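Coordinate analysis (summary)
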Amino acid sequence: MTQPRHLTIPPEHAGKRLDSSLAELLPEFSRARLQGWIESGHVLLAGGAATRKQKVWGGESVRVTPEALPEDNAYQPEDIELNIVYEDEAILVIDKPAGLVTHPGAGNWQGTLLNALLHHLPLANTIPRAGIVHRLDKDTSGLMVVAKTLEAQTQLVRDLQARAVKRVYWAVALGVFARAEGSIDAAIGRHPTQRVKMAVLEEGKPGGKPALTHWKVLKQFRRAAWVECRLASGRTHQIRVHLTHLGHPLLGDPVYRGRNQAPGLPTFQRQALHAVRLGLTHPQSGETLEWMAPPPADFADLLTTLEQADAS
């Protein structure tokens, strides 16, 4: 909450609505934001409550107490536990749990990985995105690398763009695969009508970015498959979109498959996707490093359930 602003309505505003008058007197705030403050009681006219359509006649005193929006305080340190797999003076590798949002955004302005990093690494506030160089969806678990210096971040971004960072995922996808392995080379862009989704776009269609995913079936179950995916690019929702395009959406994916699953399959409360392996060249030493994070309990239990179901 910032300090209250004390104003006097000028005579030339006589006959105007209160929100219109304030929009002229306080141009640094949007009219919609001022209207919200009026309705929530953060604006007092002549010492009393007001409405946004109320007329002013000049000379009235106004007290405006700006109310911070959630996004105004998004980039604040928060004491959120991190599962640190590796750390040195240049990089940090974490095993992100499902449910943790990477960046603050609409509906998730606090409690994100970025907030946790600002607490764990106070100097992260001097690095764009607190050192985050790639992201995992909220309900995807697994390995992520974070830069602790601007130099490390710049190099890691270059390596990602050059496809020099090894990222391997485990997924559980619906259906029976016709082949044991393959690649999906198909551009991805924003879905033309459903803005929360991404989609494979036709070649040459504007908005699509090249995307390549290599996949291999590790275990074919009766109605689903345990699949390993290797990313050669890093588009939003890439594995989820590519496997859906192949006809094998992820188990539990609320966006591309829906929560309701086919008969005979266990319920899973998130998309069944885990970043299991991460390999890179250390941006400072040049050493080749690689980490593996076993899947969390829910994913491991899912594989066991599918195995047992096939055996019964």
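This text follows the structure it describes.
Not measured: the values here are computed from a predicted model.

When helices and strands are counted, the protein chain shows six helices and 15 strands. In terms of overall dimensions, the protein chain is more spread out than a globule: its C-alpha atoms have a radius of gyration of 25 Å, far above the 20 Å expected for 312 residues. For the protein chain, the proportion of its 312 residues judged to be buried stands at 46%. Counting contacts in the protein chain only where the partners sit at least 6 residues apart, residues at least 24 apart contribute 63% of the total. Here the protein chain displays about 15600 Å² of accessible surface, and carbon together with sulfur accounts for 50% of that area. Averaged over its 35 positive side-chain charges, the protein chain has a centre that lies 7 Å from the centre of its 32 negative ones.

A few words on the sheet that holds strand E4 (residues 61-64). Strand order in this open sheet of four strands is E1-E4-E2-E3, and the pairing throughout is antiparallel. Strands with a single pairing partner mark the edges of an open sheet, and in this sheet they are strand E1 (5-8) and strand E3 (48-49). Along the sheet face, helix H1 (residues 18-25) touches E1, strand E2 (43-45) and E4 and points at about 110 degrees away from the line of E2.

A few words now on the nonpolar core. In this structure, Leu-113, Leu-117, Tyr-169 and Leu-243 are the most contacted members of the largest nonpolar core, which totals 33 residues. The element that contributes the greatest number of residues to this core is helix H3 (residues 113-120), accounting for five residues.

The next point concerns the packing of aromatic side chains. Under the defined criterion, the tally for this structure stands at four aromatic pairs. Relative to Trp-291, the ring of Tyr-86 lies with its centre 5.3 Å away and its plane at 50 degrees, an arrangement referred to as tilted. Taken together, the residues span a long stretch of sequence, with Tyr-86 in strand E5 (residues 84-87) and Trp-291 in strand E15 (residues 288-292) at a distance of 205 residues. For Tyr-86, a relative accessible area of 26% corresponds to the partly exposed category. Their ring planes at 85 degrees and their centres at 5.1 Å tell us that Trp-170 and Trp-226 sit as a pair that is edge-to-face. Within this pair, whereas Trp-170 is found in strand E8 (residues 166-174), its partner Trp-226 is found in strand E13 (residues 224-231), the two being separated by 56 residues in sequence.

Here is the key point about a regular strand: its side chains alternate between the two faces of the sheet. With respect to burial, E8 is a largely interior element, eight of its nine residues being buried. Of the strand pairs in this sheet, E8 and strand E14 (residues 273-281) are connected by six bridges, and their pairing is antiparallel. Bridging from a neighbouring strand, Arg-167 pairs with Leu-278 of E14. Sheet topology places E8 next to E13; seven bridges connect them, and they run antiparallel. Counterpart to Trp-170 in the pairing with E13 is Glu-228.

Which parts of space are left empty comes out when a probe the size of a water molecule is rolled across the atoms. Roughly 700 Å³ of volume is contained in the largest pocket. Residue lining of the largest pocket: 32 residues in total, with Arg-167, Ser-233, Gly-234, Arg-235 and Thr-236 positioned closest to the centre. Contributions of two or more residues to the lining of the largest pocket are made by helix H4 (150-161), E8, strand E10 (188-190) and helix H5 (238-245). When the residues that make up the lining of the largest pocket are grouped by side-chain class, the tally is 13 nonpolar, 11 polar and eight charged.

Quick look at empty space enclosed by the protein now. Tallied over the entire structure, the rule returns two cavities of 30 Å³ or more. Taken as a whole, the largest cavity holds about 40 Å³ of empty space. For the largest cavity, the full set of lining residues is Asp-159, Leu-160, Arg-163, Ala-164, Val-165, Arg-167, Leu-231, Ala-232 and Ser-233. Residues that form the lining of the largest cavity fall into these classes: five nonpolar, one polar and three charged. Taken as a whole, the second largest cavity encloses approximately 30 Å³ of empty space.

With that settled, consider H3. With respect to burial, H3 is a largely interior element, six of its eight residues being buried. Buried within H3 are the following residues: Leu-113, Leu-114, Asn-115, Ala-116, Leu-117 and Leu-118. Elements in contact with the buried residues of H3: strand E6 (91-96) and strand E7 (141-147).

Criteria and thresholds
Residues numbered from 1 in each chain as written. Predicted model: local features only at pLDDT ≥ 70, side-chain atom pairs only at ≥ 80, totals over all residues. Heavy atoms only, no water. Helix = DSSP H or I, 4+ residues; strand = E, 2+ residues; numbered from the N terminus. Rg over C-alpha atoms; globule rule 2.2 N^0.38 Å. Buried < 20%, exposed > 50% of the residue type's maximum accessible area, 1.4 Å probe, protein only. Contact = heavy atoms within 4.5 Å. Areas by Shrake-Rupley, 256 points an atom, 1.4 Å probe, with all protein chains shown as cover. Lys, Arg positive; Asp, Glu negative; His and termini not counted. Charge placed at Lys NZ, Arg CZ, Asp CG, Glu CD. Pairing = 2+ DSSP bridges. Axes fitted to C-alpha atoms, helices over the stretch in contact; angles between N-to-C directions. Core = buried A, V, L, I, M, F, W, Y, C linked by side-chain atoms within 4.5 Å. Phe/Tyr/Trp six-rings, centres within 6.5 Å; stacked < 30°, edge-to-face > 60°. 1 Å grid on protein atoms, 1.4 Å probe; cavity = no way out; pocket = protein on both sides within 12 Å on 5 of 7 lines; lining within 4 Å. Points joined across faces, edges and corners; volume = space filled by probe spheres on them. Nonpolar A, V, L, I, M, F, W, Y, C, P; charged D, E, K, R; others polar.

Note that all results are geometric; they support no functional claim without further evidence.
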